[in-house]
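One letter stands for each residue in the lines below.
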Amino acid sequence: MVDMVSYDDGRCRKLGFEETELRLGLPGGGEKTNANYGKRGFEETVDLKLNLSSKEMTLDQNDLKLEQSLSKEKKLLPCSNDSVKPPAKAQVVGWPPVRSFRKNVVMAVQKKTDAEEAEKGNGGAAAFVKVSMDGAPYLRKVDLKIYKTYQELYDALGKMFSSFTMGKCDSQGVVDFMNESKLMDLLNGSDYVPTYEDKDGDWMLVGDVPWEMFVESCKRLRIMKGTEAKGLAPKAMEKCKSRS
Amino acid sequence: MCLFQSIMNYFPEEVLEHVFDFLTSHRDRNAVSLVCKSWYSVERCSREKVFIGNCYAVNPERLIARFPRVRSLTLKGKPHFADFNLVPHDWGGYVYPWIEAMAKNGINLEELRLKRMVVSDESLELLAKSFPNFKSLVLVSCEGFTTDGLAAIASNCRYLRELDLQENEVDDRKGQWLSCFPDSCTSLVSLNFTCLKGEVNVAALERLVARCRNLKSLRLNHAVPLDVLQKILAQAPQLTDLGTGSFISDPDSETCAKLKNIMKKSKSIRTLSGFLDVNPRCLPAVYPVCTNLTSLNLSYAPGIYSTELTKLICHCEKLERLWILDTIGDKGLGVVASTCKELQELRVFPSDFYGVGNAAVTEEGLVAISAGCPKLNSILYFCQQMTNAALITVAKNCPNFIRFRLCTLDATVPDAVTNLPLDEGFGAIVQSCKGLKRLSISGLLTDQVFLYIGMYAEQLEMLSIAFAGDSDKGMLYVLNGCKKLKKLEIRDCPFGNAALLADVGKYETMRSLWMSSCEVTFGACKTLAEKMPRLNVEVFNEGEQIDGSPDGRHRVEKMYLYRTLVGPRSDAPDFVWTL
């Protein structure tokens, strides 16, 4: 039984994760339903999980090579994250073979830099920016550093300005600029669109740069009516085109 | 032979001695002393530099008896795997008896170089007080001393030229050891205290540098700030080797500007290291010096990211030796390959010890280097993954490797593309690099790789193996094939008694053998020890029953054997059984 496999590294946990994960499948599911997933043709992540499961079933559990191919498979899984990666490497004494002196020094320096960065994030240089919304009687301020993604920011802004409605974003909360017609629909609607003033003093549509870069360069936010934001689109399109 | 001997006897001994003076390598001198009795005699009385690769192979008395005129002694203590915490604490390797014996016998010691030894403050004090001409102390990977011991050296060694501390575990008592150099000390040529963790008296440091006009090599620790570095450099334009202390400052500050000016004027710096604490935006200050650099060590600078690293390296066209962290990435290595055409030695160390998955380097970087750097002969490469194809390409591009050490972060990872073992790749390396002296292998490996090593690695002297092989055959291929093998260290491999006992005479031709987490049993070790009285076979018993003789079939966790002229050592701790 695949889910009974217990290796002494984290993979046992990983299988448990899969087993307890919510799935759209027939009730009373188990390993056997894995085969059905493929036939159901769900999104890629599920197909890859299927590959992993079937591989586990066919290979000898004690085979060292199993460990190799599984660790390879893990890299393919988009959902594989660091927390379930087996810490087997760290647990082997003396591997990788680096002098303890060197290890300690490098790790100490890294810890220090991490601590310094965390400090900056928490107290020191918090990135408070003014947020104005057209038609709203008052401005607000948000600390950009407390959010990790655009979606979090939108959610927070939405709460702040209760009559605030967002333009349609894709699943990652980023306005899809590559599709010109979509953008035009967005801008022609009466929905509000978040824009920001960057370091150069230009007014940009929120969402085109990676989040970290946005936090670094955003000086203030302005939530404009879609129709007013039209003037920004060509610039945003230009910047995007030059980037791709 | 008779004719030869009579011809040689025609020359008075002084002439022989003069001829031998030209022989600096200890190997050559060892060879010379085997020719005949009179050569042995002349050689031993004239030898000034003695190298002892295993401090327990001989003892101080024999050293002094054979080489009464020794002035420079190099000693190595613990086995190499001690570096990776595989050797229990208190195993041994004490330098005190050596210093004591030489002091008692009036040896005119001038230079002491120690590696992986236990050095107490007491030994340093005795050293400092016993040898009036003492000039040079080099300690690498040692432990057991504090800054008090250093103070003794500084205070008493009037003609000290070199104090070089590399990667030692030093208890920093935060005393004033540096201030202990008397004002009359002007002889320093080399001072390296990078591994010390505490503050030093910077005023004393500045004065010391100012009065030592012959100072060529200065490596500071992280407690020395950038503004002090700038002042020191202004006083020492003759430096050829610089290790920065802390490299943090506001890049727009006057300090940085002054530093950059000094760097522009400095024509002699050839070796650069340090940058433990670094603000990467200050790095451009050192660009002027980069054009002349032959050796660069940034392996303790995780604060410098890939882009800044490559910007720096772009200026280093004369680089022959580069030590960096894997934060450089494959792309960065590509830049190295296209810039550093004189590169001979490359070491890429890991920056991520918990496998969190930060990008490391892969086979791509290694291939790029091999293609771009035709003079490459020594490599230490920690990487995320490897392929046979890449190793085969590297072997073709670089047939001149003398040292090839590859370490995959996952010890048993197979070829990243084919999922096969990496046997063929390493096989290509040993076949192509006919001068290979040192090899470390890793990744998924079967007995096949050892067959290749035994067949082709004719010059191999040191081999490090971990998590490799399928059976005794692997080890046998190596022992039978590598005629020049001196050091073999094995961990976590399925090699057992049959391999260990197949050719017991072999071990007397080697310096040492280390086997841990393998399949050898206590009984086999005992058998070996009984057959070979000139080997010390040490078995470590940590946490096991010491009373009563253990079962012969009991697997031995760690075994270290070495040839010796002086029998079992008297300073072995309880957990070490010399059989």
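Residues numbered from 1 in each chain as written. Chains lettered and ligands numbered in written order. Predicted model: local features only at pLDDT ≥ 70, side-chain atom pairs only at ≥ 80, totals over all residues. Heavy atoms only, no water.

In the annotation of an unreviewed UniProt entry, the entry for chain B reads Leucine rich repeat protein, and the organism field reads Handroanthus impetiginosus. What UniProt states about chain B under its Pathway (unreviewed entry) heading is, verbatim, "Protein modification; protein ubiquitination." Taken from UniProt, the Subcellular location (unreviewed entry) comment for chain B reads in full: "Nucleus". (UniProt positions renumbered as here; feature names shortened; annotations may be inferred.)

Looking at an unreviewed UniProt entry, one finds chain A named Auxin-responsive protein, with Handroanthus impetiginosus as its source organism. Chain A has a UniProt comment under Function (unreviewed entry) that states "Aux/IAA proteins are short-lived transcriptional factors that function as repressors of early auxin response genes at low auxin concentrations." Listed under Subunit (unreviewed entry) in UniProt, the entry text for chain A is "Homodimers and heterodimers."

Asks: Is there a simple way to think about the overall build of chain A in this case?
Replies: The helix and strand tally for chain A stands at ten helices and five strands. Going through the 244 residues of chain A one by one, you find that 38% of them count as buried. Of the contacts made within chain A by residues no fewer than 6 positions apart, 58% connect residues no fewer than 24 positions apart. In the structure as shown, chain A presents an accessible area of about 14400 Å², 53% of it carried by carbon and sulfur atoms. (Helix = DSSP H or I, 4+ residues; strand = E, 2+ residues; numbered from the N terminus. Buried < 20%, exposed > 50% of the residue type's maximum accessible area, 1.4 Å probe, protein only. Contact = heavy atoms within 4.5 Å. Areas by Shrake-Rupley, 256 points an atom, 1.4 Å probe, with all protein chains shown as cover.)

Asks: Any chance you could explain the packing of aromatic side chains here in plain terms?
Replies: What describes a pair of aromatic rings is the distance from one ring centre to the other and the angle between the planes of the rings. Residues and elements named next belong to chain B. Tallying each qualifying case throughout the model produces 24 aromatic pairs over all chains. The interplanar angle of 80° and the centroid separation of 5.7 Å between the aromatic rings of Phe522 and Trp577 together place this pair among those described as edge-to-face. Of this pair, Phe522 sits in helix H21 (residues 522-531) while Trp577 sits in strand E23 (residues 576-578); the two residues are 55 residues apart in sequence, bridging distant segments of the chain. Both residues of the pair, Phe522 and Trp577, belong to the buried class. Through pairs of rings, three or more aromatic residues link up here, namely Tyr56, Phe81, Phe84, Trp91, Trp514, Phe540, Tyr560, Tyr562 and Phe575. (Phe/Tyr/Trp six-rings, centres within 6.5 Å; stacked < 30°, edge-to-face > 60°.)

Asks: Any chance you could explain the interface of chain B and chain A here in plain terms?
Replies: Reports of interface size often rely on the accessible area that becomes lost once the parts have come together. The partner chain A presents 29 residues to the 44 residues of chain B that form the contact. For the pair chain B and chain A, the summed buried area comes to about 3400 Å², and 61% of that belongs to carbon and sulfur atoms. For Glu167 of chain B, the salt bridge goes to Arg99 of chain A, with nearest N and O atoms at 2.3 Å. (Buried area = accessible area lost by both parts, 1.4 Å probe. Salt bridge = Lys/Arg side-chain N within 4 Å of Asp/Glu carboxyl O.)

Asks: What should I look at first to understand the nonpolar core in this one?
Replies: As a rule of thumb, nonpolar side chains are buried together in soluble globular proteins. In this structure, Phe404, Ile453, Leu500 and Leu513 of chain B are the most contacted members of the largest nonpolar core, which totals 197 residues. Excluding residues that lie within four positions of it along the chain, Ile453 of chain B makes contacts with Val430, Leu439, Ile441, Leu460, Leu463, Val478 and Cys482 of chain B. Core analysis: the second largest hydrophobic core is formed by 25 residues, Met133, Leu157, Tyr192 and Phe214 of chain A among them. (Core = buried A, V, L, I, M, F, W, Y, C linked by side-chain atoms within 4.5 Å.)

Asks: Honestly, unusual backbone geometry in this entry has me stumped. Any pointers?
Replies: A negative phi angle characterises most non-glycine residues, just as the trans form characterises most peptide bonds. A cis amide bond links Trp95 of chain A with the next residue in sequence, Pro96 of chain A, at an omega value of -5°. Position of Pro96 of chain A among the secondary structure elements: in the loop between helix H5 (88-91) and helix H6 (100-122). Positive phi, normally seen in glycine, also occurs at Asn419 of chain B, with a value near 65°. Mapped onto the elements, Asn419 of chain B comes out in the loop between strand E16 (403-408) and helix H17 (423-432). Here Asn419 of chain B falls in the partly exposed class, since its relative accessible area comes to 27%.

Asks: I'm lost on the confidence of the model for chain A in this one. Help?
Replies: Reading fine detail from the predicted coordinates is not recommended where pLDDT is low. Residues and elements named next belong to chain A. Residues at a pLDDT of 70 or more form 39% of chain A, whose mean pLDDT is 61. Across residues 5-18, confidence stays below pLDDT 50; counting only partners more than four residues off in sequence or on other chains, it has 27 contacts. In the model, residues 164-178 has pLDDT below 50 throughout and makes 37 contacts with residues more than four positions away in sequence or in other chains. (pLDDT = per-residue confidence, 0-100.)

Asks: Where do I start with the confidence of the model for chain B in this structure?
Replies: Confidence in the prediction for chain B averages 92 pLDDT; 96% of positions are at 70 or higher. The ipTM value of the predicted complex is 0.87, and its pTM value is 0.74.

Asks: Please clarify how empty space enclosed by the protein should be interpreted in this entry.
Replies: Unoccupied space between atoms shows up once a probe the size of one water molecule is rolled over them. Residue and element names in this part refer to chain B. With the rule as written, the count across this model stands at six cavities of 30 Å³ or more. In this structure, the largest cavity spans a volume of roughly 160 Å³. Along the wall of the largest cavity there are 17 residues; nearest its centre are Pro79, His80, Lys487, Ser512 and Tyr560. Looking at the lining of the largest cavity, the elements that each hand over two or more residues are strand E19 (487-491) and strand E20 (512-516). Looking at the lining of the largest cavity, its residues break down into six nonpolar, five polar and six charged. (1 Å grid on protein atoms, 1.4 Å probe; cavity = no way out; pocket = protein on both sides within 12 Å on 5 of 7 lines; lining within 4 Å. Points joined across faces, edges and corners; volume = space filled by probe spheres on them. Nonpolar A, V, L, I, M, F, W, Y, C, P; charged D, E, K, R; others polar.)

Asks: What am I meant to see in the sheet that holds strand E5 (residues 218-225) of chain A here?
Replies: Neighbouring strands of a sheet are bound in pairs by backbone hydrogen bonds; such pairs are parallel or else antiparallel. Residues and elements named next belong to chain A. Spatially, E2-E1-E5-E3-E4 is the arrangement adopted by the five strands of the open sheet, whose pairing is mixed. The open sheet is flanked by strand E2 (140-143) and strand E4 (203-205), the only strands paired with a single partner. Adjacent strand axes in the sheet meet at a mean angle of 30°, parallel and antiparallel pairs treated alike. The pairing of strand E3 (residues 192-198) with E5 spans seven bridges and is classified as antiparallel. Looking at E5, one finds that Val193 is bridged to Met224. Contacts from helix H7 (residues 150-160) reach strand E1 (128-133), E2 and E3, with the element oriented near 155° to E2. (Pairing = 2+ DSSP bridges. Axes fitted to C-alpha atoms, helices over the stretch in contact; angles between N-to-C directions.)

Asks: Explanation requested: the pattern of salt bridges in the structure shown.
Replies: A pair can form between side chains of opposite charge whenever their charged atoms are brought close. Within this structure, the stated rule accounts for 29 salt bridges over all chains. Here Arg173 of chain B ties to Asp171 of chain B by a salt bridge, and the two come within 3.7 Å at their closest N and O atoms. Between Glu254 of chain B and Lys258 of chain B there is a salt bridge, with the nearest N and O atoms lying 3.6 Å from each other. Here Glu254 of chain B pairs with Lys258 of chain B, and both are found in helix H11 (residues 254-265), just four residues apart, close to one helical turn. Exposure remark for Glu254 of chain B: the relative accessible area of 57% places this residue in the exposed category. Its relative accessible area of 39% is what places Lys258 of chain B among the partly exposed residues. Ionic contacts of the salt-bridge type, sharing partners, join the residues Arg99 and Arg102 of chain A together with Asp83, Arg116 and Glu167 of chain B into one network.

Asks: What's the story with the UniProt feature "domain: F-box" (unreviewed entry) in chain B in this structure? I'm lost.
Replies: Under the present numbering, the feature "domain: F-box" (unreviewed entry) in UniProt falls on residues 11-52 of chain B. The span residues 11-52 of chain B shows a helical share of 60% and a strand share of 10%, and its end C-alpha atoms are spaced 30 Å apart.

Asks: When you look at helix H18 (residues 447-456) of chain B in this model, what are you seeing that I'm missing?
Replies: Given 3.6 residues to a turn, an α-helix orients residues that are three or four positions apart in the same direction. By the burial criterion, the buried members of H18 of chain B are Asp447, Val449, Phe450, Tyr452, Ile453 and Gly454 of chain B. On its buried face, H18 of chain B is in contact with H17, strand E17 (438-440), strand E18 (462-466) and helix H19 (472-481) of chain B.

Asks: What exactly am I supposed to notice about the environment of Asn261 of chain B here?
Replies: Along the chain, Asn261 of chain B turns up in helix H11. Counting along the chain gives 25 residues from Asn261 of chain B to Val286 of chain B, while the straight-line C-alpha distance between them is 9.5 Å.

Asks: Please clarify how the pairing of E5 of chain A should be interpreted in this entry.
Replies: Sheet faces and side chains relate simply in a regular strand, where the side chains alternate between the two faces. As paired strands, E1 of chain A and E5 of chain A are joined by four bridges and run parallel to one another. Of the residues in E5 of chain A, the one forming a bridge with Ser132 of chain A is Arg222 of chain A.

Asks: Can you walk me through the side chain of Ser187 of chain B in this structure?
Replies: All names here are of chain B. Relative to the helices and strands, Ser187 resides in the loop between strand E7 (169-171) and strand E8 (190-192). From its side chain, Ser187 meets the backbone oxygen of Leu160 in a polar contact 2.8 Å long. Excluding its chain neighbours within four sequence positions, the residues that come into contact with Ser187 are Arg158, Tyr159, Leu160, Arg161 and Cys212. (Polar contact = N/O pair within 3.5 Å; in protein donor to acceptor, adjacent residues only side chain to side chain.)

Asks: I would appreciate a short explanation of the pairing of strand E14 (residues 345-349) of chain B in the present structure.
Replies: Residues and elements named next belong to chain B. By the criterion of burial, E14 is predominantly enclosed, with five of the five residues buried. Here E14 shows no split at all, with Glu345, Arg347 and Phe349 on one side and Leu346 and Val348 on the other all buried. Pairing between strand E13 (residues 321-325) and E14: five bridges, direction parallel. By the bridge assignment for E14, Leu325 is matched with Phe349. Crossover E13 to E14 through helix H14 (residues 329-339) is right-handed. Examined bridge by bridge, E14 and strand E15 (residues 378-383) share four bridges and lie parallel to one another. (Right-handed = clockwise from strand over helix to strand, strands pointing away.)

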